[in-house]
Amino acid sequence: MTRFMTLDFADGDRPRMLARVLDMARGAYGYVVTPNVDHVVKLMDGRVGREVYAEADLKVCDSRILSNLARLRGLALPVYPGSDMTADLLASPAAEGLTIAVFGPDRAAFNALAARYPRQTLKFLEAPMLVPGTLGWRAAVGHAAGAEWDVLLACVSFPKQELFAHALRAAGRKTGVALCVGASVDFLTGRQKRAPRIFQQLSLEWLHRLLSQPRRMFRRYVIEGPAIFGWFVRCEVLKAR
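Here is what the cut-offs are and how they apply
- Residues numbered from 1 in each chain as written.
- Predicted model: local features only at pLDDT ≥ 70, side-chain atom pairs only at ≥ 80, totals over all residues.
- Heavy atoms only, no water.
- Phe/Tyr/Trp six-rings, centres within 6.5 Å; stacked < 30°, edge-to-face > 60°.
- Helix = DSSP H or I, 4+ residues; strand = E, 2+ residues; numbered from the N terminus.
- Buried < 20%, exposed > 50% of the residue type's maximum accessible area, 1.4 Å probe, protein only.
- Lys NZ or Arg CZ within 6 Å of the ring centre and 35° of its normal.
- Axes fitted to C-alpha atoms, helices over the stretch in contact; angles between N-to-C directions.
- Parallel < 35°, antiparallel > 145°, perpendicular 65-115°, else oblique.
- Left-handed = near helix turned anticlockwise from the far one by under 90°.
- Contact = heavy atoms within 4.5 Å.
- Nonpolar A, V, L, I, M, F, W, Y, C, P; charged D, E, K, R; others polar.
- Expected span 1.5 Å × (residues − 1).
- Arc of directions from axis to C-beta.
- Core = buried A, V, L, I, M, F, W, Y, C linked by side-chain atoms within 4.5 Å.
- Pairing = 2+ DSSP bridges.

S.K.: Explain the packing of aromatic side chains to me, and be specific about the residues and the numbers.
M.R.: Scanning the model with the defined rule gives five aromatic pairs in all. Considering the side-chain rings of Tyr-29 and Trp-149, the 6.4 Å spacing of their centres and the 75° angle between planes classify their relative orientation as edge-to-face. Residue Tyr-29 is located in the loop between helix H1 (14–25) and strand E3 (30–33), and its partner Trp-149 is located in the loop between helix H7 (135–146) and strand E7 (151–154); the two are separated by 120 residues in the primary sequence. By relative accessible area, which is 6% here, Tyr-29 ends up buried. Ring-pair connections join several aromatic residues into one group, and the members of that group are Phe-103, Trp-137 and Phe-164. The ring centre of Trp-149 lies 3.7 Å from the NZ or CZ of Arg-173, which sits over that ring. The positively charged end of Arg-234 is found above the aromatic ring belonging to Trp-231, 4.2 Å away from the centroid.

S.K.: Got a sec to walk through the packing of H7 against helix H8 (residues 160–170)? Specific residues and values, please.
M.R.: Direction vectors running N to C along H7 and H8 enclose 60°, while the axes themselves pass 9 Å from each other. Taken as axis vectors, H7 and H8 run oblique relative to one another. Relative to H8, the crossing made by H7 is right-handed. Between H7 and H8, the residues in contact are Trp-137, Ala-140, Val-141, Ala-144 and Ala-145 and Lys-160, Leu-163, Phe-164, Ala-167 and Leu-168, respectively. For the contact of H7 with H8, the residue count by class is nine nonpolar, no polar and one charged.

S.K.: Quick one: what's the story with H7, residue by residue and with numbers?
M.R.: Counted at 1.5 Å a residue, the expected span for H7 with its twelve residues is 16 Å, and the 17 Å between its end C-alpha atoms agrees. Here H7 has its buried residues at Trp-137, Ala-140, Val-141, Ala-144 and Ala-145. Buried residues of H7, viewed axially, fall in a sector of 130°; they line one side. Facing away from the buried side of H7 by more than 90 degrees, the exposed set consists of Leu-135 and Gly-146. At its buried positions, H7 is contacted by strand E5 (99–103), strand E6 (121–125) and H8.

S.K.: Any chance you could break down the nonpolar core for me, citing the residues and the numbers?
M.R.: The nonpolar side chains of a soluble globular protein tend to be buried, and buried together. Grouped together as the largest cluster of nonpolar side chains are 47 residues, with contacts concentrated most on Phe-4, Leu-66, Phe-103, Leu-152, Phe-164 and Leu-168. When residues no more than four places from it in sequence are discounted, the contact partners of Leu-168 are Tyr-29, Val-141, Ala-144, Ala-145, Trp-149, Leu-152, Arg-173 and Ala-178.

S.K.: Give me unusual backbone geometry: which residues, what numbers.
M.R.: A cis geometry characterises the amide bond from Phe-158 onward to Pro-159, with omega recorded as 0°. Looking at the secondary structure, you find Pro-159 in the loop between E7 and H8. With a phi close to 75°, Ser-157 is a non-glycine residue in the positive phi region.

S.K.: Describe the sheet that holds E5, listing the residues and the values that go with them.
M.R.: Taken together, the six strands give an open sheet; going across it, the order is E4-E3-E8-E7-E5-E6, and neighbouring strands pair in parallel fashion. At either end of the open sheet lies a strand with only one pairing partner, and these are strand E4 (58–59) and E6. Judged from the four bridges that link them, E7 and strand E8 (residues 177–180) form a sheet pairing that is parallel. Bridge pairing in E8 links Val-151 to Val-177. Contacts between helix H6 (residues 107–116) and the sheet are confined to E5 and E6, with E6 contributing the most and set at about 175° to the helix. Each of E3, E5, E7 and E8 is contacted by H8, which is oriented at about 165° to E3, the strand it contacts most.

Right under this line is the structure:
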């Protein structure tokens, strides 16, 4: 593991991380989070409870900006975006035979995903509009906790998906792995377009999303996102002296 910004990030290349996820699918319940800059900022300022990330069984870096900041500290932080992990999982012959539940996308998106990956056993789980702590939330957690699946793709936006995965353990889920992978199914089914490869390589995927969805992304990337540099100085520079 690599300790950075108070989180223990997973080491290793993508095949090793995917293999670990597949092992988790066949073992005791655990969940995977994929922190990016927005997640870390909200974790640092207290808008997301630390226990949600502390109790995650695998923390995989989903941000080249975080990886570049880690490099300034002499740390190697492999990047494996949740959307890439989801695509690799669904394309993997090693996942065949597992039941993969999809929680978040609507039925049309699920059907499009199932058509794209006919060799995988996919299961649709209804995801109503969820407000953590409400009766509807508790009912959805209870239903997912008792459903049959080996892998749960939790795609109900940050931080609901992380809170949901965390709540499954408290609800008594015993087996399988939940992956908090955001808009990955939307990318795979074409509902959203990922940044071109050159944007990704230059750590500018955030700029592509800002230009594509300016109203939705302006606050995240222009107002809140730059706070990561202040937190980096506090957590990694000043404490290292």
